[in-house]
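Below, each chain spelled out in residue letters.
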Amino acid sequence: MQPTTKESHHAAEAHEEHHHEELGFLRKYIFSTDHKVIGIQYGITGLAFLFFGFCLMLLMRWQIAYPGRSIPFFGPLLERMLGSDVAGGGVMSANLYNSFGAMHGTIMVFLAIVPLAFAAFGNYVVPLMIGAPDMAFPRVNMASYQSYVLGSIIMVVSFFIPGGAAQAGWTSYSPLATSIDTNGQTFWLIGMIFLITSSLLGAVNFIATIIQLRAPGMTWMRLPFFVWAQFVTAFLLLLAFPPLEAAGVMQLMDKVAHTSFFLPTGLSVSGQIAPISGGGSPLLWQHLFWFLGHPEVYVLILPAMGIVCEIIANNTRKPIWGYKSLVYSVLAIGFISFIVWAHHMYLTGMGTKISTFFQTTTMIISIPSVIILTCMFISLWGGSIRFNTPMLFVLAFLPMFGIGGLTGLPLGFNFSDIHLHDTYYVIAHFHYVVAPGTIFALFGGVYYWFPKITGRMMNEWWGKVHFWLSLVFINLVFQPMFAQGMAGMLRRMSDGGVNYSMAQNQGGVIGGLSDAMIHLNVTVSHAAWALGLAQLPFIINFFWSIKNGRKVTSDNPWESTTLEWQTPTPPPHGNFAHAPQVFRGPYEYSVPGKPRDFTLQNEA
């Protein structure tokens, strides 16, 4: 005799209570297999590393603005922590500057933004959006986070070993990375292997989850755009990271086992010919690194675009314009991103035909990006816009990402890239895409989904203070760098280019930097420190609101249409009280004839 629906429901509740009774603190919060807990773990860890990487930049900006001067308060502290060999007298040495530069890039990309954009938001939101009870492989999900933490610990520990952390830049170019006589680069490579493994495990899990665990009725063209963005991002990680992991193992062998995968015969190190006979190729490392490096840009930006679309649709109270165009564009970006990598390598002496090919593909990939941005702008037209904190951040994302994209076009042409390569122009372009671009979208996502995760709202007034201060100062940080780069200021100079400029001018060579360009280092540094202070309202608001924020009065405080808002708040184990069924697309706002301005996806 089959049990009734009511009996089955009570049995399920009893099982659920028993399940929770079995879980202790470690099993529930540290070694959890619940996608929501893992998403929160990724989120808190990623935000911590975002702050840490930002602090490294703030210290670097002092050295650039005031070279040779002791860092107030932090200089002696660095000397006690890291040793006088790298920070003598509280003055940042060139080696320490190189370490901070290499680790700032590595931490921001691989330990902060990718875990936040892909793993944190993806883990928490994607299963809820598609109506799934969890990820397809919960234990693989747990292993992914553990591998990420292990790689992160190895990276951080490298600061405290003799000789300090890696100094060869976040790109770890050979033969420089192999010839530096410290263990920092070895730790960097081992850490990267664990971080890449983490991303691969996560990518497989996301792909399987989105394909197999969609709720009944959730067809491909009913997926929220955020899910599409995460789906394509997972494929980018799955296909682009293995070459870099193989390259990392080979460079590690060059470092510790004296192989020569990337080391050429006849290499001179400190005036001595290195005993290398294998005839390796340094350019091979660049090809393998940038084969990941350029899809990585879209790994950062695609989840951000997904967040932006969700918030725009919700706060304009109208459907996203051109949903199918968005989907086809994100698929096109995913494909084309694998055939543009060598535009980072124009100065390696590649032939004109090859450089023309990569120049052409670089221009082509801008087309779907422009389509996505255009759809977002048109979606604002005629909308009843609610200017809350999440919406302010995504509205700022649109022009900031536009500036980042447009300024990237000169770098895509091989002729103009010769003049701009390795200058501050490149820093400004990339950071406009990632800082006021991706990070603003991530802030918007935090404010938007915070009430679903905690059951409380973040303070709206302090959120707007955080937004306006961040918007002003982030532009004051990066906008002057375009001028510095076009004037010829090179990146990775620990003194901000002062000695280089003096040598140029004293030698009678045209091209030394003007005093105005040098003085911009001080202006930019002051803006950077102000930007750091502007994050205090967010940090205080975030932790204060977890316990003291205004409680939400419903499970759907934003009156959204997508499935994640149809769960209890916060979502329990298994997510949904009843398995959802989907009847319509994700953005049915302001449908004529409906009694309210939003129609739920699971509303019959």
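Residues numbered from 1 in each chain as written. Predicted model: local features only at pLDDT ≥ 70, side-chain atom pairs only at ≥ 80, totals over all residues. Heavy atoms only, no water.

A few words now on the overall build of the chain. From N to C terminus, the chain includes 19 helices and 4 strands. In terms of overall size, the chain behaves like a compact globule, its C-alpha atoms giving a radius of gyration of 25 Å where 604 residues would be expected to give roughly 25 Å. With the principal axes as the frame, the chain shows a C-alpha extent of 90 × 55 × 50 Å. Across the 604 residues in the chain, those meeting the buried criterion constitute 56%. Approximately 25,000 Å² of the chain is accessible, and the part contributed by carbon and sulfur atoms is 68%. Positive and negative side-chain charges in the chain, numbering 27 and 26 respectively, have mean positions lying 7 Å apart. (Helix = DSSP H or I, 4+ residues; strand = E, 2+ residues; numbered from the N terminus. Rg over C-alpha atoms; globule rule 2.2 N^0.38 Å. Buried < 20%, exposed > 50% of the residue type's maximum accessible area, 1.4 Å probe, protein only. Areas by Shrake-Rupley, 256 points an atom, 1.4 Å probe, with all protein chains shown as cover. Lys, Arg positive; Asp, Glu negative; His and termini not counted. Charge placed at Lys NZ, Arg CZ, Asp CG, Glu CD.)

Turning to helix α4 (residues 74-82), its buried residues are G75, L78 and L82. All buried residues of α4 project into a common sector of 60° when viewed along the axis, lining one side. Looking at the buried side of α4, the elements it contacts are α3 (35-65) and α5 (94-130). G83, located one to two residues past α4, shows a positive phi value of around 100°. (Arc of directions from axis to C-beta. Contact = heavy atoms within 4.5 Å.)

Tallied over the full model, the rule gives 7 salt bridges. Note that D597 and R317 form a salt bridge whose closest N and O atoms lie 3.0 Å from each other. In this pair, D597 is assigned in the segment after β4 (550-551) and R317 in the loop between α10 (282-316) and α11 (323-336), connecting sequence segments 280 residues apart. On the basis of relative accessibility, which here comes to 29%, the residue D597 falls in the partly exposed class. Residue classification places R317 among the buried residues on the basis of a relative accessible area of 6%. Put simply, R317, E559 and D597 are held in one network by salt bridges that share partners. (Salt bridge = Lys/Arg side-chain N within 4 Å of Asp/Glu carboxyl O.)

On to the packing of α3 against helix α6 (residues 138-157), then. Helix packing geometry: the angle between the two helix axes and the distance between the axes. In the contact formed by α3 and α6, the axes pass within 10 Å of each other and the chain directions differ by 15°. Considering the angle they form, α3 stands roughly parallel to α6. Here α3 runs over α6; the crossing is left-handed. Seen from α3, the contacting residues are H35, I38, Q41, Y42, T45, G46, F49 and F52; seen from α6, they are P138, N141, M142, S144, Y145, Y148, S152 and V156. Residue composition of the contact of α3 with α6, by class: 9 nonpolar, 7 polar and no charged. (Axes fitted to C-alpha atoms, helices over the stretch in contact; angles between N-to-C directions. Parallel < 35°, antiparallel > 145°, perpendicular 65-115°, else oblique. Left-handed = near helix turned anticlockwise from the far one by under 90°. Nonpolar A, V, L, I, M, F, W, Y, C, P; charged D, E, K, R; others polar.)

Right, let's talk about the nonpolar core for a bit. Core analysis: the biggest nonpolar cluster contains 183 residues, and F100, L302, M376 and F397 have the highest contact counts within it. Look past the residues within four positions of F100 in its chain and what remains in contact with it is L56, L59, M60, L78, L82, M92 and F159. (Core = buried A, V, L, I, M, F, W, Y, C linked by side-chain atoms within 4.5 Å.)

Here we take up the environment of L195. Within the fold, L195 resides in helix α8 (residues 184-212). Assessed through its relative accessible area of 5%, L195 is described here as buried. When the C-alpha positions of L195 and V149 are compared, they lie 8.2 Å apart, and in sequence the two are 46 residues distant. Sequence-distant contacts of L195, that is, excluding residues within four places in its chain, are made with F110, L111, Y148, G151, S152 and M155.

Here we take up the packing of aromatic side chains. Geometrically, a pair of aromatic rings is defined through the distance of the ring centres and the angle of the planes. Inspection of every chain in the model, using the stated rule, returns 46 aromatic pairs. On the basis of an interplanar angle of 80° and a centroid distance of 5.1 Å, the ring pair of Y42 and Y145 is categorised as edge-to-face. Placement of Y42 in helix α3 and of Y145 in helix α6 is noted, with a sequence separation of 103 residues between them. By the burial criterion, Y42 is buried, and Y145 matches it. Sitting above the plane of the W220 ring, R214 keeps its charged end 4.2 Å from the centroid. Here R596 stacks its cationic end above the ring of F598, 4.5 Å away from the centre of that ring. (Phe/Tyr/Trp six-rings, centres within 6.5 Å; stacked < 30°, edge-to-face > 60°. Lys NZ or Arg CZ within 6 Å of the ring centre and 35° of its normal.)

So, about the environment of D515. Summarising the element assignment, D515 is placed in helix α18 (residues 515-534). Look at D515 and you get exposed, because its relative accessible area is 68%. For the pair D515 and K547, spaced 32 residues apart in sequence, the C-alpha separation works out to 51 Å.

With that settled, the discussion passes to unusual backbone geometry. Backbone torsion omega between S174 and P175 reads 5°, so that peptide bond is classified as cis. Mapped onto the fold, P175 is located in the loop between α6 and α7 (176-179). Here T569 and P570 are connected by a cis peptide whose omega angle stands at -15°. By the secondary structure assignment, P570 is in the segment after β4. Phi at S172 is positive, roughly 55°, even though this residue is not glycine. S172 sits in the buried class, given a relative accessible area of 0%. The phi dihedral of D422 falls on the positive side, at around 60°, and the residue is not glycine. Locating D422 in the fold gives a position in the loop between α14 (414-420) and α15 (424-454). A relative accessible area of 31% places D422 in the partly exposed class.

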